Amino acid sequence: MPQNVILIVLLLLIVGLSGFYIYRSKKRGQKCIGCPYANSCAGVGNCNGNSE
């Protein structure tokens, strides 16, 4: 029983932190989250650093 509670808490923590990371990235104006060119990307098509 305690192992299940710990597992559930860890999963909720991971999901919560992931959501917070996405929220912060979108708030900063990043179009492609996780892309090394996210700040300079135009946000159309694939994010490869080309601002077409």
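The sections below set out a description of the structure shown in this document. What you see as residue numbers is a count from 1 along each chain, following the sequence as written. The predicted origin of the model limits local features to residues at a pLDDT of at least 70 and limits the giving and counting of side-chain atom pairs to 80 or more, whereas totals for whole chains, interfaces and linings rest on all residues. Side-chain metrics rest on all non-hydrogen atoms present in the structure, leaving aside hydrogens and water.

1. Quick word on the overall build of the protein
Piece 1. Numbering of helices and strands runs from the N terminus; a helix is a DSSP stretch of H or I covering at least four residues, while a strand is a stretch of E covering at least two. Secondary structure assignment for the protein yields one helix and zero strands.
Piece 2. Buried residues are those whose accessible area, probed at 1.4 Å on protein chains only, stays under 20% of the maximum for their type, while exposed residues exceed 50% and partly exposed ones sit between those limits. The buried share among the 52 residues of the protein stands at 13%.
Piece 3. Each accessible area value is a Shrake-Rupley result obtained with a 1.4 Å probe; residue values ignore everything except the protein chains displayed when judging cover. If you sum the accessible surface of the protein, you get close to 4400 Å²; carbon and sulfur atoms cover 64% of it.

2. Here we look at a nonpolar patch on the surface
Piece 1. Patches in this entry comprise residues that are over 30% relatively accessible and not in a salt bridge; like charges within 9 Å are linked, as are nonpolar side chains (Val, Leu, Ile, Met, Phe, Trp, Tyr) within 5 Å. Salt bridges, as used here, are contacts in which a Lys or Arg side-chain nitrogen is within 4 Å of a carboxyl oxygen on Asp or Glu. The grouping of Ile6, Leu10, Leu13 and Leu17 at the surface amounts to a nonpolar patch, some 390 Å² of accessible area in total.
Piece 2. One can find Leu17 in helix 1 (residues 2-27).

3. Considering the side chain of Ser25
Piece 1. Mapped onto the elements, Ser25 comes out in helix 1.
Piece 2. We call two residues in contact whenever any of their non-hydrogen atoms come within 4.5 Å of each other. Among all residues touching Ser25, those that are not within four sequence positions of it are Gln30 and Ile33.

4. Side note on helix 1
Piece 1. An ideal rise of 1.5 Å per residue puts 38 Å on 26 residues; helix 1 measures up with 37 Å between its terminal C-alpha atoms.
Piece 2. Just beyond helix 1, the residue with positive phi is Gly29, at close to 95°. How far a helix is expected to stretch is found by multiplying one less than its residue total by 1.5 Å.

As far as function goes, none of this settles anything; it's purely spatial.
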